[in-house]
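A closer look at the structure
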Amino acid sequence: RGHAAGGRRKPFFKIGALVTLLVFTFSWTPPWSLSQPVGDKASVAASMWYGVFHVGFALMETVVTLPVDGLGGDLTYNSVERNRIFFHRGVWVMLGIMVGVLLPAFLPSTCTGTSGDEVEGCPSYKEVVVTHDGCTTFPILAAVFSVITAAGLWNLGRTVQERDPRTLAEAQHMPVVPSLVQVSMNRPFQIILAADIVEAIAQNTPFVVMPFVTRYVVLPPGSEARCGEDVMIADPDTLFGMFGVVYFLGNFAAMPLWRCVMSRFGKRRAFILRNVAVCVSTLVLIGPLLQEGAVVTCCVFAFFWGMGNGGGDWMLRTIVADVVDYDEFLTGTRREAQYFMGIEFLPKFVEIPSEAVPLLLMAWCGYERNVAQNEAVVWILRLFFSLIPAAVIALGTCMLFYFPMKTSEQHAALLEGIQLHRQGQPAKDPYYGGQIEAAKLPTDNAAHIELLSHFYGSELKLVVDSGFEALRRSVLTRLLVAGCVAAPVGALLLAMGMPALLDGEDASVAPLGSFLLGVTILVVWFEGVRYLKLGELRSKQESGEIKMSVLEESLTYWSRFTYAAKHGD
């Protein structure tokens, strides 16, 4: 919605460059006085310092990432060029992740030797405690990386040209809630977002339980796998590091392969094949977990697991860029930020409970640190590392078969339709069929279109058929459920879980409470704005400023979003 003369995204690049440099550097440089332990416990003040600045960094990452992704989709309408743009973005992102994972291993460190604590059942093995000199090396690295990031963003804002915002339709600057309403009615986006959210629920859980899997399933305390004379790797932390490195190497190595698959079979088929590969490679991870000491097998399977996951992020983004084109076909506007926000924010949001649930189940089944676990805990680790993620990913893959954007010819027809709409002519919907008129709003309610855009077509139809009271009750019910039921439950869970979280325990219900409170805040904000706008709409209708016939006429405009669902061929 920016109006800057040089481009609507460039101010975000320049502001983000400066603020990101500050918050990321400060997050790794807490004052020495805050880092001193209190009694026998670590300092909470240092954690709070890091937490505040890390939240600031996450916010600035969003401020920067959304415009960057939006610019990537807006640079060209050519599908092949988009693939190339997001592929190179994915390559550099993966390189950055690998540097972040591997570089600490080469930092100067201080080894304190063995802790002297014998692992239960294994007298010959003593854990080694290695601590990095983070007081010097991590702040320096943070500052260096921040400068590199800031320089890249500033250069991007200085050199890259984007379309003049003054040439965009005025509807481009529609407020957030109406934009989200229209975005959520884009049927292809509904499918791709639902599949992404479903996969996010469980796709991250293997990484959550991986440290426990290496320590208590592959190399359990007291086992021959950890204490035997011929053991190649006896340290579960070393195995965990190897597992991560091999995974990222496989991920990186497979990216060119997935680009070739996309060029050969098209975006939809390639993305489905990639999801099938993720499902299968996740499922077979159960194999090395059924026997102790399968170190080599774990690393081999981790490489293929990484290959299956390779390319998923950039493939999703180039598909979403095509979905934005379909939105332009339907509405005459481009809203890249709203669409990329959806695939960035919502899946990450639902990852919170999926990360907390495995740890809670482990605690309820009798998990204890640094001892051999009972069979129930071991099976929870196996399930959440392999079987459950594979099943959920399979569900998300099934959803993708309903995704309508199948061929490059369809996208070419879509671009032709956009050109026809710009000339005021109707065009055929290449995905669902039917003639779609150019997105010209009815002249009688043009002055009230922003107000009407806060509501879905089905809701306006409900007003026409049953009156304002029916819609008011529907919106108010969601508000009351969120504010009076979900919010207290979330606050209770957060309060109950905070002591365990602050004490450093592995399991806490606090993340579930924070997730529920976050959902509540979003629902109250979204429905609250719409409730106020409904009152305004009702007042204008009762005063005669907006006639009921205007609401009926606006349904013709909204029908372009529901045509495919009812009349697709």
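See above for the structure.
Since the structure is predicted, the reported quantities are computational estimates derived from the model, not experimental observations.

As a further point, take the overall build of the chain. Per the secondary structure count, the chain includes 21 helices and four strands. Considering only contacts in the chain between residues 6 or more positions apart, those separated by 24 or more positions represent 77%. As presented, the chain carries roughly 27,300 Å² of accessible surface, and 65% of it is formed by carbon and sulfur atoms.

Formed by 76 residues in total, the largest nonpolar core has its most connected members in L381 and F385. Tallying contributions element by element places helix α13 (residues 312-331) first for this core, with eleven residues. Grouped together as the second largest cluster of nonpolar side chains are 13 residues, L451, L460, L537 and V550 included.

Following the sequence through the fold, N251 ends up in helix α9 (residues 236-265). Owing to a relative accessible area of 6%, N251 belongs among the buried residues under this scheme. On a C-alpha basis, the gap between N251 and V91 in space is 10.0 Å, while along the polypeptide they are 160 residues apart. In contact with N251, other than residues within four places in its own chain, are M94, G306, M307, N309, G310 and G311.

Taken across its nine residues, helix α5 (residues 176-184) has seven buried, putting it largely inside the fold. All of the buried residues along α5 are V177, P178, S179, L180, V181, Q182 and V183.

With the rule as written, the count across this model stands at 27 salt bridges. Here D74 makes a salt bridge to R334, at a shortest N to O gap of 3.2 Å. Here D74 is found in helix α2 (residues 44-74), whereas its partner R334 is found in the loop between α13 and α14 (336-364), with 260 residues between them in sequence. A single burial state applies to D74 and to R334, both of which are buried.

Relative to the helices and strands, T397 is located in helix α15 (residues 375-400). Those residues in contact with T397 that lie beyond four places of it in its chain are E199, I272, N275 and V276.

Quick look at the packing of aromatic side chains now. A full pass over the atoms with the stated rule returns 20 aromatic pairs. Relative to Y367, the ring of Y216 lies with its centre 5.7 Å away and its plane at 80°, an arrangement referred to as edge-to-face. Linking Y216 in helix α7 (residues 205-218) with Y367 in the loop between α14 and α15, this pair joins segments that are 151 residues apart in sequence. Accessibility expressed as a relative area gives 4% for Y216, which makes it buried. Here the aromatic residues F207, F243, Y247, F248, W305 and F385 are joined through ring pairs into a cluster of three or more. Sitting over the face of the ring of W154, K14 holds its NZ or CZ atom 5.6 Å from the ring centroid. We note R382 situated over the ring of W379; from NZ or CZ to the ring centre the distance is 4.7 Å.

A cluster of nonpolar side chains, V99, I140, V144, F145 and I148, forms an exposed patch at the surface whose accessible area comes to about 420 Å². Turning to its location among the elements, I148 is positioned in helix α4 (residues 137-159). The class for I148 is exposed, based on a relative accessible area of 53%.

Turning next to the packing of helix α6 (residues 187-203) against α7. For any two helices packed against each other, the geometry is given by the interaxial angle and the distance between the axes. At their nearest, the axes of α6 and α7 sit 6 Å apart, and the two run at 5° to each other. In terms of orientation, α6 lies roughly parallel with respect to α7. Touching I201, A202 and Q203 of α6 are T205, P206 and F207, all from α7. By residue class, the composition of the contact of α6 with α7 is four nonpolar, two polar and no charged.

The rules behind the values
- Residues numbered from 1 in each chain as written.
- Predicted model: local features only at pLDDT ≥ 70, side-chain atom pairs only at ≥ 80, totals over all residues.
- Heavy atoms only, no water.
- Helix = DSSP H or I, 4+ residues; strand = E, 2+ residues; numbered from the N terminus.
- Contact = heavy atoms within 4.5 Å.
- Areas by Shrake-Rupley, 256 points an atom, 1.4 Å probe, with all protein chains shown as cover.
- Core = buried A, V, L, I, M, F, W, Y, C linked by side-chain atoms within 4.5 Å.
- Buried < 20%, exposed > 50% of the residue type's maximum accessible area, 1.4 Å probe, protein only.
- Salt bridge = Lys/Arg side-chain N within 4 Å of Asp/Glu carboxyl O.
- Phe/Tyr/Trp six-rings, centres within 6.5 Å; stacked < 30°, edge-to-face > 60°.
- Lys NZ or Arg CZ within 6 Å of the ring centre and 35° of its normal.
- Patch = residues over 30% accessible without salt bridge, like charges linked within 9 Å, V, L, I, M, F, W, Y side chains within 5 Å.
- Axes fitted to C-alpha atoms, helices over the stretch in contact; angles between N-to-C directions.
- Parallel < 35°, antiparallel > 145°, perpendicular 65-115°, else oblique.
- Nonpolar A, V, L, I, M, F, W, Y, C, P; charged D, E, K, R; others polar.

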